[in-house]
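# Structure at a glance
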Amino acid sequence: MAFKRDKKEEEDGGGNPFENIEKTSVLQEARAFNDTSVNPRKCTHILTKVLYLLNQGEILGTTEATEVFFAMTKLFQSKDVVLRRMVYLGIRELSSIAEDVIIVTSSLTKDMTGNEALYRAAAIRALCSITDVTMLQAIERYMKQAIVDKNPAVSSAALVSSLHLAKTAGELVKRWVNEAQEAFSSDNVMVQYHALGLMYHIRKTDRLAVIKLVSRLTKQGLKSPFAVCLLIRIACRLLEDDDSAPGTDSTLLSFIESCLRHKTELVIYEAAHAMVNLRRTTARELAPAVSVLQLFCSTSKPPLRFAAVRTLNQVAMSHPSAVTACNLDLENLITDSNRSIATLAITTLLKTGAESSVDRLMKQIASFVSEISDEFKIVVVQAIRALCTKFPRKHSVLMNFLSAMLRDEGGLDYKASIADTIITIIESNPEAKETGLAHLCEFIEDCEHTSLAVRILHLLGREGPKTKQPSRYIRFIYNRVILENAAVRGAAVAAMAQFGAQCPDLLENVQVLLARCQMDSDDEVRDRATYYYTILALSKRNLYNSYITESLQVSIPALEKSLHQYTLNASDTPFDMKSVPLAAVEPLVLENAPQKGAPEGTLLSTPAAPQRLGVSKEESALELLSNIPEFAPLLPQLGPIFRTSEPVELTESETEYVVRCIKHCFARHLLLQFDCLNTLSDQLLENVRVSLEPAEGYRILRELPIPKLPYNETCSAFCLLEFPEELTASTGTFGATLAYMVKDCDPATGLPDSDDGYDDTYMVEDVEVNLADQVQRVWKGNWAAAWEEAANLCELEDTYALTSMRSLQEASTNIVQFLGLQPADRSERVQEGKSSHTLYLAGVFRGGHDVLVRAKLALADGVTMQLTVRASNPDVAELVTSAVG
Amino acid sequence: MEGSLLEPTLYVVKGMAILDNDGHRVLAKYYDKNIFPTAKEQKAFEKNLFNKTHRASAEIIMLDGLTCVYRSNVDLFFYVMGSSHENELILMTALNCLFDSVSAILRKNVEKRALFENLDIVMLAMDEICDGGIIMEADFNAVVQRVALRTDDIPLGEQTVAQVLQSAKEQLKWSLLK
């Protein structure tokens, strides 16, 4: 045999003759290629070694590669088929590393047009890997011939190489569409598939051409199953693009449906998968796809079962009822030897099944959860999370299961998703709180992920003091101080302080523990311990509130910036916290919103969306304004931006001019930013401004028009107003009109036809300034304490009948939105079936006035609300009460 | 469910690999520059893949966002990888073609030693099955025909009695060992 001489090596390498080869010695051997008479067997063996090394990840330098490449070109004189084929392969492997590879162009061109069919296909592929756009033109003729060649191998090779080339030489390849079309009618299935791929690639930007292609092919019927799959995918792409004509839609859909009855499983599955994933599919259209998948569930081929269950799992997310018919088949799969299939079957059943089957399924899944990969474990966890919201009564079973999973081996993502689920359960289901916290306590006893431990400790600090028996958590937390790294110790100290501040009977014990922590080896831990110890020692409740239970309410990046500024200009006046803009609390996320991002259970391992940088709307607005020369000098007078509201559309989005208004609120001023967009290509607008009729008490200080607004550009006009002295007059409506000078212009160049223009106006909707624009949300960790503390402030109370509200939840959501305040203690969520509810809100009014609002809601023929406002400024309180009315 | 509709493209296969019974790479090719760009990442993935698959004969697994279908024989493991949304049956077709081609090249003697003896031909076969992620050929007969078997591998009719006996013995041995 060929490698007998490697007998010795074989013994060393345990059956692998290539085990001990080295790059340098192989490169040395490669010089044999230059011998006058080529020994095919020897050269093939050496070349195999070179390719094997490359395949093992060995990296050749440019000179080394070039040397081997040139030596290899000598082998073209050999007639040995295998050697020649290996040379082609070698050329392709080295083409990206070696230099001057185009040297072999002529040899390859000769082989590509020669008689030996075995060389021709390989030569085409090798040639296309070394050629560039300029060289390509020279061989274009041969490529066209090769595409329509009778030999399927040659034709396929040419088509596939063209597709590779289309990345760099798209324009040139486009000219080969007729040849591709001709190749498409070939009898060989692979040629047909490759030709369709190339045709679609060439035409894919031309929607009409694609529609024509697809409608012709759907009637014709294709031989290659692969080509049918590709056609289904193209049809789906057309269906997903919105603006298709209704007629084509139905033909495309019926084509996909007809593929459900194709003779190969490959195509049937592709069609079913497509039906399930089309956004527009209705439950009725889904039925045939689901029944096909149901059949696949009982095949003997694991990949087919896997594919079927995975797709059913997707269906279960959008149309759970459609899958119930398959429940029996899925039940059979939960004991499948392929754990992935079993997991998917169970999670699908969990989504569709009844409450009664939960216990049984959980037991089943517990039996093998340790054997499956992390990705699947996360799928299971997500399914459990969904279950918890669906069947709150089952929380104890699910919670036990989750805690068992927490104790298992697993990566950070997996553990974090479990912890997240437990936290969600705790938040949504008060009954589950104590058990959930207990499980988390146990978990941090043995948690190797610092970030997770810190999060859980923070949660314990927040929720623990409010439970019936806060003392039991202290032990867990203090254990962390003894056993963990500095970051965790710091978090544990902070958590303990929370207990000290909120549970008077534990204060003494906490103080003892904190005193011990002052001896810690880490600076941060020691600092925290000293800080909390000192505050707790003063035993003043209002200090606890503002320095322990409440977190910092300013935005951290802004604080950093302000402090930096402060240290640059050394002054004797102490740093004023009030000058730092407040952090905006993220708007409420409704319960069903989180699923929007990554679809659960689809097993995408795309990384999580990048975290939003810590820059708030206010800061980005400030940066924008300070770049405008007219405003930069004004900014110091105005102070920091207190709040920037969400943009409001003042026009419909389809009109000639689109205007959006963003309100920037300062302590005593209001800056309106109007983003204007000109959608008329034959007009140039100049001196664009929004003329306002301000409400009573407002004064316009300054206006800044847009000098020029060309077609399809968005520019901003500004208007600075001063708030009225009287706070109660600060809510109001401003009439607004867009005023500008029109110049007709040439749509192509955008240059005006003449210098003359005419003035015109355009009505836009009114700008409303309401309470929400003037307050900033503030998150209170301990609302009740803050409320008590505010007892000596000004208090106003009023009762309202909100007749238009149908439910307490609706009322609560509306009030939160209207007042623009932050709900505390998750009071924005109304428990179902209750007839009364209390909403706790907190915020800061511009100028730094604290506002606390308690709204008692009762359901009785509409919603009745008793609103109590405590504010540091009586006018603010009055404004809040009057705003609701 | 957005994004799970498949892009109409011929680029279907993300990678193919043949590993030995210690999880070491015999041959492997990755076709998407965005996944596992370096040899180190590739080998780490292969190790992980092997650990997850060498005991269970489950034929399919999801790993690192890839759908991997696999088959094994004696001391060799064959894998084909595709995107997590890819039609599993297409990948399966490619895998079967790879396995059957290798099996035909090695005359049903699918084991590591035989594969290394015919490494050059197996390299050519892998190349004929998939080019840069596009499935070139899914019929193993066509693949075997195109890779030009060695001339000294005499067709059955022309083999000497001793040769036939030898190959029969080998086949019997492996079918018993399986």
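In this text the structure is predicted, and so the values were computed from the model without any measurement. (Residues numbered from 1 in each chain as written. Chains lettered and ligands numbered in written order. Predicted model: local features only at pLDDT ≥ 70, side-chain atom pairs only at ≥ 80, totals over all residues. Heavy atoms only, no water.)

### Details of the overall build of chain A
When you go through chain A residue by residue, the secondary structure sums to 39 helices and 17 strands. Sequence separation of at least 24 residues holds for 64% of the intrachain contacts in chain A that already meet a minimum separation of 6. About 41100 Å² of surface is accessible on chain A, with carbon and sulfur atoms providing 51% of the total. (Helix = DSSP H or I, 4+ residues; strand = E, 2+ residues; numbered from the N terminus. Contact = heavy atoms within 4.5 Å. Areas by Shrake-Rupley, 256 points an atom, 1.4 Å probe, with all protein chains shown as cover.)

### Observations concerning the packing of helix H28 (residues 471-483) of chain A against helix H29 (residues 486-502) of chain A
All names here are of chain A. Running from N to C, H28 and H29 cross one another at 150°; their axes reach a closest spacing of 8 Å. Comparing the axis directions of H28 and H29 gives the class roughly antiparallel. Helix-helix and strand crossings are classified by hand; for H28 and H29 the assignment is left-handed. Between H28 and H29, the residues in contact are Tyr473, Ile474, Ile477, Tyr478, Arg480 and Val481 and Val488, Arg489, Ala492, Ala495, Met496 and Phe499, respectively. Grouping the amino acids of the contact of H28 with H29 by side-chain chemistry returns ten nonpolar, no polar and two charged. (Axes fitted to C-alpha atoms, helices over the stretch in contact; angles between N-to-C directions. Parallel < 35°, antiparallel > 145°, perpendicular 65-115°, else oblique. Left-handed = near helix turned anticlockwise from the far one by under 90°. Nonpolar A, V, L, I, M, F, W, Y, C, P; charged D, E, K, R; others polar.)

### A word on the sheet that holds strand E2 (residues 25-30) of chain B
Residues and elements named next belong to chain B. An order of E2-E1-E5-E4-E3 is seen for the five strands of this open sheet, with the pairing classed as antiparallel. Either end of the sheet is taken by a strand with one partner, and the two such strands are E2 and strand E3 (60-63). For this sheet the average axis-to-axis angle between neighbouring strands, irrespective of direction, equals 20°. Pairing of strand E1 (residues 13-20) with strand E5 (residues 76-83), which is carried by seven bridges, proceeds in the antiparallel orientation. Paired with alanine 17 across the bridge in E5 is tyrosine 79. The strands that helix H4 (residues 119-129) touches are E1 and E2; relative to E2, the one it contacts most, it runs at about 25°. (Pairing = 2+ DSSP bridges.)

### A closer look at a negative patch on the surface
A grouping of Glu652, Glu654, Glu693, Glu765, Asp766 and Glu768 of chain A is seen on the molecular surface, where their side chains present a negatively charged patch. Relative to the helices and strands, aspartate 766 of chain A resides in the loop between strand E10 (758-763) and strand E11 (767-769). (Patch = residues over 30% accessible without salt bridge, like charges linked within 9 Å, V, L, I, M, F, W, Y side chains within 5 Å. Salt bridge = Lys/Arg side-chain N within 4 Å of Asp/Glu carboxyl O. Lys, Arg positive; Asp, Glu negative; His and termini not counted. Charge placed at Lys NZ, Arg CZ, Asp CG, Glu CD.)

### Some points on the nonpolar core
All names here are of chain A. Grouped together as the largest cluster of nonpolar side chains are 255 residues, with contacts concentrated most on Ile91, Leu108, Ile232, Ile256 and Met405. By residue number, the principal contributor to this core is helix H14 (residues 225-240), which donates twelve residues. Look past the residues within four positions of isoleucine 256 in its chain and what remains in contact with it is Ile232, Ala235, Cys236, Leu239, Ala271, Ala274, Met275 and Leu278. Leu650, Ala717, Ala736 and Tyr762 belong to the second-largest nonpolar core, a separate cluster that totals 31 residues. (Core = buried A, V, L, I, M, F, W, Y, C linked by side-chain atoms within 4.5 Å. Buried < 20%, exposed > 50% of the residue type's maximum accessible area, 1.4 Å probe, protein only.)

### Observations regarding empty space enclosed by the protein
Applying the stated criterion across every chain, the model contains nine cavities of 30 Å³ or more. Space inside the largest cavity adds up to approximately 50 Å³. Lining the largest cavity are Tyr193, Phe226, Cys229, Leu230 and Arg233 of chain A together with Thr9, Val12 and Ile90 of chain B. Among the elements that line the lining of the largest cavity, the one with the most residues is H14 of chain A, at four residues. Its residues placed into classes, the lining of the largest cavity shows six nonpolar, one polar and one charged. (1 Å grid on protein atoms, 1.4 Å probe; cavity = no way out; pocket = protein on both sides within 12 Å on 5 of 7 lines; lining within 4 Å. Points joined across faces, edges and corners; volume = space filled by probe spheres on them.)

### With respect to unusual backbone geometry
Residues and elements named next belong to chain B. The backbone of aspartate 64 sits at a positive phi, close to 50°, despite the residue not being glycine. With respect to the helices and strands, the residue aspartate 64 is situated in the loop between E3 and strand E4 (66-73). Taking the relative accessible area as the measure of exposure, aspartate 64 reaches 41% and is therefore partly exposed.

### A closer look at the interface of chain B and chain A
Counting residues at the interface gives 61 residues for chain B and 73 residues for chain A. Together, the buried faces of chain B and chain A total about 6100 Å²; carbon and sulfur atoms form 60% of this surface. At the junction of chain B and chain A, the tally comes to nine salt bridges. In this assembly, chain B and chain A are joined by 21 residue pairs in polar contact (both at pLDDT 80 or more). (Buried area = accessible area lost by both parts, 1.4 Å probe. Polar contact = N/O pair within 3.5 Å; in protein donor to acceptor, adjacent residues only side chain to side chain.)

### Here's the deal with the environment of cysteine 43 of chain A
Residues and elements named next belong to chain A. Considering the arrangement of structural elements, one finds cysteine 43 in helix H3 (residues 40-55). Residue classification places cysteine 43 among the buried residues on the basis of a relative accessible area of 2%. Separated by eleven residues in the primary sequence, cysteine 43 and alanine 32 have C-alpha atoms spaced 7.2 Å apart. Apart from the residues within four sequence positions on either side, cysteine 43 is in contact with Phe33, Val38, Leu75 and Leu83.

### Concerning the packing of aromatic side chains
A full pass over the atoms with the stated rule returns 18 aromatic pairs over all chains. Relative to phenylalanine 99 of chain B, the ring of phenylalanine 78 of chain B has its centre 5.1 Å away and its plane inclined at 80°; by these criteria the two rings are edge-to-face. Pair noted here: phenylalanine 78 of chain B is in strand E5 and phenylalanine 99 of chain B is in helix H2 (residues 88-105), with a separation of 21 residues, a long-range link. Side by side, phenylalanine 78 of chain B and phenylalanine 99 of chain B carry an identical accessibility label, which is buried. Site record: aromatic cluster; members linked through ring pairs are Phe76, Tyr88 and Tyr119 of chain A. A cation over an aromatic ring shows up here: arginine 870 of chain A above the ring of tryptophan 787 of chain A, its NZ or CZ 4.0 Å from the ring centre. (Phe/Tyr/Trp six-rings, centres within 6.5 Å; stacked < 30°, edge-to-face > 60°. Lys NZ or Arg CZ within 6 Å of the ring centre and 35° of its normal.)

### Description of helix H39 (residues 874-884) of chain A
All names here are of chain A. Among the residues of H39, Val876, Ala877, Leu879, Val880, Thr881 and Val884 are the ones counted as buried. Close packing links the buried residues of H39 with helix H36 (771-774), strand E13 (794-802), helix H38 (808-819), strand E15 (836-845), strand E16 (849-859) and strand E17 (863-871). The backbone nitrogen of aspartate 875 lies 2.9 Å from a side-chain oxygen of the residue at the head of H39, namely asparagine 873.

### Some points on the confidence of the model for chain A
Residues and elements named next belong to chain A. When pLDDT is averaged along chain A, the result is 80, and 92% of the positions lie at 70 or above. Across chain A, the element-wise mean pLDDT spans from 42 in helix H1 (residues 7-12) up to 91 in helix H12 (residues 189-203). Scored below 50 in pLDDT, residues 1-13 shows 18 contacts in the model against residues more than four places distant or in partner chains. (pLDDT = per-residue confidence, 0-100.)

### Considerations on the pattern of salt bridges
Residues and elements named next belong to chain A. One pass over the full model with this rule turns up 40 salt bridges over all chains. With a shortest N-O distance of 2.9 Å, glutamate 445 and arginine 480 are connected by a salt bridge. You can see glutamate 445 sitting in helix H26 (residues 433-445) and its partner arginine 480 sitting in helix H28, a full 35 residues away along the chain. A relative accessible area of 32% places glutamate 445 in the partly exposed class. Relative accessible area serves as the criterion here: at 2%, arginine 480 is assigned to the buried category.

### Let's talk about the environment of asparagine 545 of chain A
All names here are of chain A. Among the structural elements, asparagine 545 can be located in helix H32 (residues 541-549). Through-space distance from the C-alpha of asparagine 545 to that of alanine 786 is 6.9 Å; in sequence the pair is 241 residues apart. If sequence neighbours within four positions are ignored, asparagine 545 has contacts with Glu550, Asn782, Ala785, Ala786 and Glu789.

### Thoughts on the pairing of strand E9 (residues 732-744) of chain A
Residue and element names in this part refer to chain A. Of all 13 residues that make up E9, ten are buried, and the element is covered over most of its length. Here strand E5 (residues 683-693) pairs with E9 via nine bridges, running antiparallel. Residue arginine 689 lies in a different strand from E9, and its bridge partner there is alanine 739. Summarising the sheet, E9 and E11 pair through three bridges and their orientation is antiparallel. Paired with glycine 732 across the strands is valine 769, a residue of E11.

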